[in-house]
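Working through the structure, step by step
Okay, here's what each chain looks like letter by letter:
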Amino acid sequence: MVRRLEIIKTEALQENVSSKDVSKYEELCQKHPCYAKGGKAKTGRIHLPVSPVCNIGCKFCDRKINDFENRPGVTANILKPEEALAVVRRSVELNPNITVVGIAGPGDTLATSKALDTFRLIKDEFQNLFLCMSTNGLLLPEKADEIIEIGIDSLTVTVNAVDPVIEALLNNFIVYHKHKYEGVEAAKLLIHNQLTGIKKISDAGITVKVNTVLVPEININHIETIAKTVKEHGASIYNIIPLIPQFELSECSAPNCLQIDSSRKLASQYIDVFKHCQHCRADAIGIPGGEDISSRVYAEVKGQFDLKKVQSKDTFSHG
């Protein structure tokens, strides 16, 4: 760990990153499950499903409201901010190893105000918890100041391509300020906003992680370029997520172990790579890979707020 810290400090000095930022990143590596590069996480997280809609049309995303599928974009309930706060209270009582509160869907966190409103409530009551959010990045440049003001500790942005032609094969459309864009035009706008937002957030001292959904038939030869580009814009760590063949990409193949490993090695030339993604649900609670206490927490909180399952056909981002 000492050697690792020295390496990070050296790299930071070379890139004009402050020692404070290095310490923050190293702290996240120890306490945030999604930054645990050396092994499986020993700390827990809460995913709060407060974001009901999405503003882009990823071809691999299929929203489900259920309590049995273990993958991103799935939740049993959609919470209101005050309901989410009650979930946090009960979760930390049951599991003191929880160090992170994250919002990773089921929709995009910036498509509505729900996620940021929830973080404000949590920040007022739980100053010791790390706040983490995931977004597709479409609205990141204009929401960055608000994210910084709230004090979000880490931000994950899903960047599946930095070439608009490739991105257009993965995403049907975006809805940006009430206007729908499609194809390469949509991809250009999305990528520009993602990279602009990543730089603005990282320049403010917030740690940025980038997720990429690896689709062998589409972006497997593009991973090195993505990793290099997001690193140049300020990202600190990179997570390659194997495709779950579904929705419009149901005919595509899930990457095999060799493809995942080789992609990670290419990316690691430029950026730290996270290797233990668990394909977490949008309402997961506990230590990734360990006992999930979400069903118990929701059963107890349900009596306070009469939680109901919400049905919708919106397409969701891959948090």
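Each remark here, short or long, concerns the structure printed above.
Scope of this entry: the structure provided in the associated data block. (Residues numbered from 1 in each chain as written. Predicted model: local features only at pLDDT ≥ 70, side-chain atom pairs only at ≥ 80, totals over all residues. Heavy atoms only, no water.)

1. Regarding the overall build of the protein chain
A tally of regular secondary structure across the protein chain gives ten helices and 13 strands. Put simply, the protein chain has 319 residues, and 55% of those count as buried. Across the protein chain, the fraction of contacts at a sequence separation of at least 24, relative to all contacts at a separation of at least 6, is 77%. Total accessible area on the protein chain is roughly 14,000 Å²; 50% of this is exposed by carbon and sulfur atoms. (Helix = DSSP H or I, 4+ residues; strand = E, 2+ residues; numbered from the N terminus. Buried < 20%, exposed > 50% of the residue type's maximum accessible area, 1.4 Å probe, protein only. Contact = heavy atoms within 4.5 Å. Areas by Shrake-Rupley, 256 points an atom, 1.4 Å probe, with all protein chains shown as cover.)

2. Comments concerning the sheet that holds strand S9 (residues 179–182)
One open sheet accounts for three strands, arranged S2-S8-S9; its pairing is antiparallel. Single-partner strands in this sheet number two, and they are strand S2 (56–58) and S9. Between one strand axis and the next, the sheet turns through 20° on average, direction left out of account. Note that S2 and strand S8 (residues 171–176) share two bridges and pair antiparallel. Its bridge partner lying in S8, Ile 56 is registered against Ile 174. Along the sheet, helix H7 (residues 183–203) contacts S2, S8 and S9; its crossing angle with S8, the most-contacted strand, is approximately 65°. (Pairing = 2+ DSSP bridges. Axes fitted to C-alpha atoms, helices over the stretch in contact; angles between N-to-C directions.)

3. Some points on the sheet that holds strand S5 (residues 98–103)
Strand order in this open sheet of eight strands is S12-S11-S10-S7-S6-S5-S1-S13, and the pairing throughout is mixed. Because the sheet does not close on itself, it has two edges, and the strands there are strand S12 (272–274) and strand S13 (285–286). Strand contacts of helix H9 (residues 257–267): strand S10 (207–214), strand S11 (237–242) and S12, with the helix running at about 165° to S11, the strand carrying the most contacts.

4. Looking at the pairing of S11
Here S11 lies mainly inside the structure; six of its six residues are buried. Taking every second residue as pointing to the same face, both faces of S11 are buried, with Ile 237, Asn 239 and Ile 241 on one and Tyr 238, Ile 240 and Pro 242 on the other. Between the parallel pair S10 and S11, the chain is carried across by helix H8 (residues 223–232), and the sense of this crossover is right-handed. Looking at chain direction, S11 and S12 are connected through three bridges and run parallel. Bridge pairing in S12 places Ile 237 opposite Asp 272. For the handedness criterion, the β-α-β arrangement of S11, H9 and S12 is classed as right-handed. (Right-handed = clockwise from strand over helix to strand, strands pointing away.)

5. What to know about the environment of Val 215
Among the structural elements, Val 215 can be located in the loop between S10 and H8. Residue class for Val 215 comes out buried when judged on its relative accessible area of 0%. Here the alpha-carbon distance between Val 215 and Ser 253, two residues 38 residues apart in the chain, equals 7.2 Å. Every residue in contact with Val 215, bar those within four places of it in the chain, is listed here: Leu 170, Ile 220, Leu 243, Leu 249 and Cys 252.

6. A word on the side chain of Asn 219
In this structure, Asn 219 sits in the loop between S10 and H8. Overall, Asn 219 belongs to the buried group, its relative accessible area being 0%. A polar atom in the side chain of Asn 219 sits 2.7 Å from the backbone nitrogen of Val 215. (Polar contact = N/O pair within 3.5 Å; in protein donor to acceptor, adjacent residues only side chain to side chain.)

7. Points about the nonpolar core
Leu 48, Val 87, Ile 147 and Tyr 238 are the most contacted members of the largest nonpolar core, which totals 76 residues. Considering each element in turn, this core owes the most residues, six residues, to H7. Setting aside residues no more than four positions away along its own chain, Val 87 makes contact with Ile 46, Leu 48, Leu 79, Ile 285, Val 297, Tyr 298 and Val 301. (Core = buried A, V, L, I, M, F, W, Y, C linked by side-chain atoms within 4.5 Å.)

8. A few points about the packing of helix H3 (residues 81–94) against helix H4 (residues 114–125)
To describe two helices that pack against each other, one gives the angle between their axes and the distance between the axes. At a minimum axis separation of 9 Å, H3 and H4 run at an interaxial angle of 45°. As the angle between them shows, H3 and H4 are arranged oblique. Between H3 and H4 lies a crossing of right-handed hand. Contacts between H3 and H4 involve Pro 81, Glu 82, Ala 84, Leu 85, Val 88 and Arg 89 on the former and, on the latter, Lys 114, Asp 117, Thr 118, Leu 121, Ile 122 and Glu 125. (Parallel < 35°, antiparallel > 145°, perpendicular 65-115°, else oblique. Left-handed = near helix turned anticlockwise from the far one by under 90°.)

9. Things to note about the packing of H4 against helix H5 (residues 140–150)
Where H4 meets H5, the closest approach of the two axes is 10 Å, and the angle between their N-to-C directions is 15°. In terms of axis orientation, H4 runs roughly parallel to H5. Note that H4 runs across H5; the crossing there is left-handed. Across the interface between the two elements, Leu 116, Phe 119, Arg 120 and Lys 123 from H4 touch Glu 146, Ile 147, Glu 149 and Ile 150 from H5. Its residues placed into classes, the contact of H4 with H5 shows four nonpolar, no polar and four charged. (Nonpolar A, V, L, I, M, F, W, Y, C, P; charged D, E, K, R; others polar.)

Just geometry here; none of it tells us what the structure is for.
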